[in-house]
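# Observations on the model geometry
The residues making up each chain are set out below.
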Amino acid sequence: MQPFEQIFLAETGLKLEAGVPLAAYSSFKIGGPARFFTEVTNLDQLVKAIGTARQYRFPFYLIGGGYNLLFDDAGYQGLIIRNKASAISYHPDQGLLAIDSGSDLQTVVKMTVSSGLTGLEFLAGIPGTVGGAIYGNAGAFGRAIGEKTTGVLTLDSEGQPVSLNQPSLGFGYRSSNFKKNHQPILKAFLSVAPGEKDEIDQLVKGYLEQRRRRHPPRTTACAGSYFKNPVLPDGQRLAAGLLLEKSGAKGMQVGQAAVYSGHCNFIINLGGATARDVLELARRLQEKVQENYGLWLEEEVIFVPADASML
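Moving on, we come to helix H3 (residues 105-115). Think of an α-helix as 3.6 residues a turn; residues three or four steps apart then line up on the same face. Within H3 the residues assigned to the buried category are Leu105, Gln106, Val108, Val109, Thr112 and Val113. The buried residues of H3 occupy an angular sector of 155° when the element is viewed end-on, so they sit on one face. Capping of H3 at its N-terminal end is provided by Asp104; its side-chain oxygen lies 3.2 Å from the backbone amide nitrogen of Gln106. Phi for Gly116, located one or two positions after H3, is positive at around 70°.

Laid out in structure tokens, this is it:
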């Protein structure tokens, strides 16, 4: 039988790179080499890449901007598909943006500002792609992208594009059905409305300033908020960062992984941190909060082990 890289090239027209260090594609700057790596720039390539991996039962993992992920020190044993499909169109009659899943979320926000479209301001400053944001129902300031998502184009198990409407997407706090079933997102439809450019611009600037005050600088090697904010049985949501701070998280460090001094719900890579360092520090933080509050913090950052697969 032909090697997989030859089959993949014949089926998709895309060359596979071997041994690509995943640290270069991670905001955490952590991760060993991927056995194979490819980048797709449109939905046709994305469908073919996923379809070929599925047909030949070759383990694959789909990534966007590499935020909110922690790659294994051992790398990845299968194929990493990096999604850069980024076409965006506005449909004023429906009040919708149709956005390819590999589109940069901040490019979308900037486009809405320049086009005078309101509704997505709260997403300002959240890094990553639209597909990644929907996958984890990303949000801030009490809002989440799921509430603006009217539908998604995805691939079914037979490799056929299928449209899903909002109620069937299973959005919850930092979760969706996509996070549970690993169904690939091709395109998203987000609701927007015409507004005043200056007002939209001011809202976006206000959100960016709030994030700037609370979060590590964008150049910091980290994966965003590490833990979800826990929800009590009565529905009250607690701030994970505050629970961690009150539990003595400030100053904690394992190897080159450390708690960010400005906000305890960020683990940062001081330079040379390993996934093992991060996971061990996270476990110690969880134990601290459990000892003090009887709550076990759930990770928001996704660890991708070397043998993970979206098959």
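That shown, we press on.
Taken as a whole and judged by the stated rule, the model has 13 salt bridges. With a closest N to O distance of 3.4 Å, Asp44 and Lys48 form a salt bridge. Residue Asp44 and its partner Lys48 are located together in helix H2 (residues 43-55), separated by four residues, close to a single helical turn. Taking relative accessible area as the criterion, Asp44 reaches 47% and is therefore assigned partly exposed. When its relative accessible area of 36% is taken as the criterion, Lys48 is described as partly exposed. Here Asp100 makes a salt bridge to Lys187, at a shortest N to O gap of 2.9 Å. Taken together, the positions of Asp100 in strand S7 (residues 96-100) and Lys187 in strand S13 (residues 185-191) put the pair 87 residues apart, joining distant regions of the chain. Classification of Lys187 as buried rests on a relative accessible area of 18%. By sharing partners, the salt bridges in this structure join Glu280, Arg283, Arg284 and Glu287 into a single network.

A word on the sheet that holds strand S1 (residues 17-21). In spatial order, the strands read S1-S2-S5-S3; together these four strands make up an open sheet with mixed pairing. Both outer strands of the open sheet, S1 and strand S3 (60-63), are each paired with one neighbouring strand and no more. Ignoring which end each strand starts from, the neighbouring axes of this sheet average 40° apart. Helix-sheet contacts for H2 involve strand S2 (33-40), S3 and strand S5 (76-83), and the interaxial angle to S3 is about 160°.

Further remarks concern the nonpolar core. Leu46, Tyr61, Leu79, Ile80, Ile81, Leu123 and Ile134 are the most contacted members of the largest nonpolar core, which has 63 residues in total. The biggest single contributor to this core is H2, with five residues. Excluding residues that lie within four positions of it along the chain, Ile134 makes contacts with Ile145, Thr149, Val152, Phe171, Ser176, Phe178, Ile185 and Ala188. Core analysis: the second largest hydrophobic core is formed by 32 residues, Phe28, Leu238, Val254 and Ala275 among them.

Enumeration over the complete set of coordinates arrives at nine aromatic pairs. Ring geometry for Phe4 and Phe36: centres 6.4 Å apart, planes at 45°, overall tilted. Taken as a pair, Phe4 in helix H1 (residues 4-12) and Phe36 in strand S2 lie far apart in primary sequence, 32 residues in all. For Phe4, a relative accessible area of 9% translates into the label buried.

This paragraph deals with helix H6 (residues 197-214). Taking 1.5 Å per residue, 18 residues should reach 26 Å; H6 reaches 26 Å between its end C-alpha atoms and fits that length. Every buried residue belonging to H6 is among Ile200, Val204, Tyr207 and Arg211, and all of these are buried. The arc enclosing the buried residues of H6, seen along the axis, measures out at 65°, which places them on a common side. For H6, exposure combined with an orientation more than 90 degrees from the buried face picks out Asp198, Glu199, Gln202, Arg212 and Arg213.

Our next topic: the sheet that holds S13. Taken together, the five strands give an open sheet; going across it, the order is S6-S7-S13-S11-S12, and neighbouring strands pair in antiparallel fashion. A strand with exactly one partner marks an edge of an open sheet, and here the two such strands are strand S6 (88-91) and strand S12 (161-165). Each strand axis lies, on average, 20° off the axis of its neighbour in the sheet, ignoring direction. As judged from the five bridges shared by strand S11 (residues 149-155) and S13, these two strands associate in the antiparallel manner.

Another aspect to go through is the packing of H1 against H2. Relative to each other, H1 and H2 sit at 140°, their axes nearing to 10 Å. Here H1 lies oblique to H2, going by the angle between them. Remark: the crossing between H1 and H2 carries right-handed chirality. Mapping the contact onto sequence places Phe4, Ile7, Phe8, Glu11 and Thr12 in H1 and Lys48, Ala49, Thr52, Ala53 and Gln55 in H2. The class makeup of the residues in the contact of H1 with H2 is five nonpolar, three polar and two charged.

The rules we used
Residues numbered from 1 in each chain as written. Predicted model: local features only at pLDDT ≥ 70, side-chain atom pairs only at ≥ 80, totals over all residues. Heavy atoms only, no water. Buried < 20%, exposed > 50% of the residue type's maximum accessible area, 1.4 Å probe, protein only. Helix = DSSP H or I, 4+ residues; strand = E, 2+ residues; numbered from the N terminus. Arc of directions from axis to C-beta. Polar contact = N/O pair within 3.5 Å; in protein donor to acceptor, adjacent residues only side chain to side chain. Salt bridge = Lys/Arg side-chain N within 4 Å of Asp/Glu carboxyl O. Pairing = 2+ DSSP bridges. Axes fitted to C-alpha atoms, helices over the stretch in contact; angles between N-to-C directions. Contact = heavy atoms within 4.5 Å. Core = buried A, V, L, I, M, F, W, Y, C linked by side-chain atoms within 4.5 Å. Phe/Tyr/Trp six-rings, centres within 6.5 Å; stacked < 30°, edge-to-face > 60°. Expected span 1.5 Å × (residues − 1). Parallel < 35°, antiparallel > 145°, perpendicular 65-115°, else oblique. Left-handed = near helix turned anticlockwise from the far one by under 90°. Nonpolar A, V, L, I, M, F, W, Y, C, P; charged D, E, K, R; others polar.

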